[in-house]
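One-letter residues, chain by chain:
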Amino acid sequence: MPVTAVIGAQWGDEGKGKYVDILAQDAHVVARFNGGNNAGHTVINELGTFKLHLLPSGVFNPKATCIIGPGVVLDLAGIAEEINTLDKAGVPLKGRLFISPRCHLVMPYHRVLDRLYESAKGHLSTGTTGRGIGPTYADKAGYNGLRLADLQRRTLFIEKLSTQVSIKNRLIGALGGEPMDADKIADEYFEYFRILQPFIKETFGLLQDAVKSNQNVLLEGAQATLLDTDWGTYPFVTGSSTLVSAATPGLGIPPRAIDRIVGVCKAYTTRVGNGPMPTELTDETGDRIRKIGREYGTSTGRPRRCGWLDAELVRFTAALNGFTELALSLLDVLDTFHEVKIATGYEWGGQKAHYFDGDAVFLEECQPVYESLPGWEKDIRGVNRWSDLPRGAVNYIERIEQVTGVPVSMIGTGPDRRETIIR
Ligand code: GDP
Ligand code: IMO
Ligand code: MG
């Protein structure tokens, strides 16, 4: 199974970084294809604890070629800093990290506009990470974007940038922000371009060759299915497609080349930012999950909203992506609960309902239908053999497989790479 994709099955932060780090141990190529530094992927292995935002989480295999594909939006300061941090940690990337010149640039005015739009929308805001992601993808779709390749042509870049800054300054001014200076931005971006020069290279041939020669290629999704622009809870979504299919435009890989699609799914549900979440628990149980699971955003530190596992959602995201398996993460967080619940479906107006029946307002009105299972009340932290799991945990996993229709192939019993059951 040479091409494997790792995709978030819920609202993000499912532990994708950990599973990419695990699978990357056998990968020749690891690639990011969507999102930007709104992503925060945690990896804990023998080299330490890392929070990656733009670099693929497979960087720790020194033999793996790392690709940042054209679907990713690049914050130049962010990527330069990450490369530097890894270099200091003994993970050099020269000669094996390649960033597509087609990547769109997150510009300083995108970050400013992100915040201004959010505050103008007040209680209707999305609750973004403030990294300028939506405005960058909006400019990409509206033919107003600047790409990494544009920095190669100095005069043209300055002209394009000046045009954008003059447009954006009118918008920023109307929304009560401070105008921006194109010359200052140009100097800063040319300097980052110089620093990043050794890593910029067209990635199409690299990836096509890897696929043709049957190498192990690992595709790392950022964000998650329910944040997808089309199929997520719009407008409480992110600016890019987050589905496995986004790897085609986002990297230049044919859809039929992808043969293994791992959905990473938390053993419960979390969400950060605004928007509907049917199983959210605003009571003591929700607080308990947050505390034990340390559910605070990897990029922004915001507390995550927590609730029981919503299997209606996972059944939907599995169908949409065609998950061939699930990695069930953070199972150890539920160790102390006397009872665990799974939402197996919804009710709306006294009738059976599904996620895909309506929009975000509809979802807000849906009532989850719960099934209760006995907890295992045993410490499973670090367990890495299926046969060592308590009966209650096995029952819980088997029930998730039944309700979602997808086999669970990996189980997380702690944040460290080793704290994993591979079935
Ligand atoms: P990602 O965005 O999907 O890569 O996930 P994040 O890194 O944002 O959030 C997942 C969090 O859960 C991180 O703090 C991980 O270290 C942690 N984590 C991952 N798997 C497990 C697990 O099986 N058990 C526990 N307790 N923590 C885990
Ligand atoms: P990883 O890859 C969780 C959420 C934000 C907000 C919405 C839009 O770590 O799973 P944006 O800044 O993208 O315009 O914000 O999407 N969001 C995430 N939530 N994990 C992420 O990434 C996220 N990236 C964006 O909180 O609700
Ligand atoms: Mg995250």
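Residues numbered from 1 in each chain as written. Chains lettered and ligands numbered in written order. Predicted model: local features only at pLDDT ≥ 70, side-chain atom pairs only at ≥ 80, totals over all residues. Heavy atoms only, no water.

In the annotation of an unreviewed UniProt entry, the entry for the chain reads Adenylosuccinate synthetase, and the organism field reads Candidatus Chlorohelix allophototropha. Quoted verbatim from the Subunit (unreviewed entry) field of UniProt, the annotation for the chain is "Homodimer." Quoted verbatim from the Subcellular location (unreviewed entry) field of UniProt, the annotation for the chain is "Cytoplasm". (UniProt positions renumbered as here; feature names shortened; annotations may be inferred.)

Draft legend 1. Region of interest: the overall build of the chain. Looking only at helices and strands, the chain has twelve helices and 19 strands in total. For a compact globule of 423 residues, the expected C-alpha radius of gyration is about 22 Å, and the chain comes in at 21 Å, within 12% of that figure. Seen along its three principal axes, the alpha-carbon backbone of the chain occupies a region of about 65 × 50 × 35 Å. Put simply, the chain has 423 residues, and 58% of those count as buried. Taking contacts inside the chain between residues at least 6 apart in sequence as the whole, the part at least 24 apart equals 77%. On the chain, roughly 17700 Å² of surface is accessible, and the fraction owed to carbon and sulfur atoms is 51%. The distance from the centre of the 46 positive side-chain charges to the centre of the 50 negative ones in the chain is 4 Å. (Helix = DSSP H or I, 4+ residues; strand = E, 2+ residues; numbered from the N terminus. Rg over C-alpha atoms; globule rule 2.2 N^0.38 Å. Buried < 20%, exposed > 50% of the residue type's maximum accessible area, 1.4 Å probe, protein only. Contact = heavy atoms within 4.5 Å. Areas by Shrake-Rupley, 256 points an atom, 1.4 Å probe, with all protein chains shown as cover. Lys, Arg positive; Asp, Glu negative; His and termini not counted. Charge placed at Lys NZ, Arg CZ, Asp CG, Glu CD.)

Draft legend 2. Structural detail: the packing of helix α3 (residues 108-121) against helix α4 (residues 133-141). Here α3 crosses α4 at 115 degrees, and the two axes come no closer than 7 Å. Viewed along their axes, α3 and α4 adopt a mutual orientation that is roughly perpendicular. Between α3 and α4 lies a crossing of right-handed hand. Contact residues: α3 offers Y109, H110, L113, D114 and Y117, while α4 offers I133, P135, T136 and D139. Its residues assigned to classes, the contact of α3 with α4 comprises five nonpolar, two polar and two charged. (Axes fitted to C-alpha atoms, helices over the stretch in contact; angles between N-to-C directions. Parallel < 35°, antiparallel > 145°, perpendicular 65-115°, else oblique. Left-handed = near helix turned anticlockwise from the far one by under 90°. Nonpolar A, V, L, I, M, F, W, Y, C, P; charged D, E, K, R; others polar.)

Draft legend 3. Examining the nonpolar core more closely. One finds L219, L331, L334 and Y396 to be the most contacted residues of the largest nonpolar core, which totals 55 residues. Among the elements that line this core, the one with the most residues is helix α12 (residues 391-404), at six residues. If near-sequence neighbours (up to four positions away) are discounted, L334 is found in contact with A267, Y268, W308, V340, W376 and Y396. Grouped together as the second largest cluster of nonpolar side chains are 42 residues, C66, I68, L74 and F157 included. (Core = buried A, V, L, I, M, F, W, Y, C linked by side-chain atoms within 4.5 Å.)

Draft legend 4. Quick look at the coordination of the magnesium ion (ligand 3). Around the magnesium ion (ligand 3), the protein contributes the donor atoms D13 (OD) and G40 (O), which lie 2.0 to 2.2 Å from the metal centre. Placement of the pair is D13 in the loop between β1 (3-8) and α1 (16-23) and G40 in the loop between β2 (29-32) and β3 (41-45), with a sequence separation of 27 residues. When its relative accessible area of 21% is taken as the criterion, D13 is described as partly exposed. (Donors = N, O, S within 2.8 Å, 3.2 Å for Na, K, Ca; no water.)

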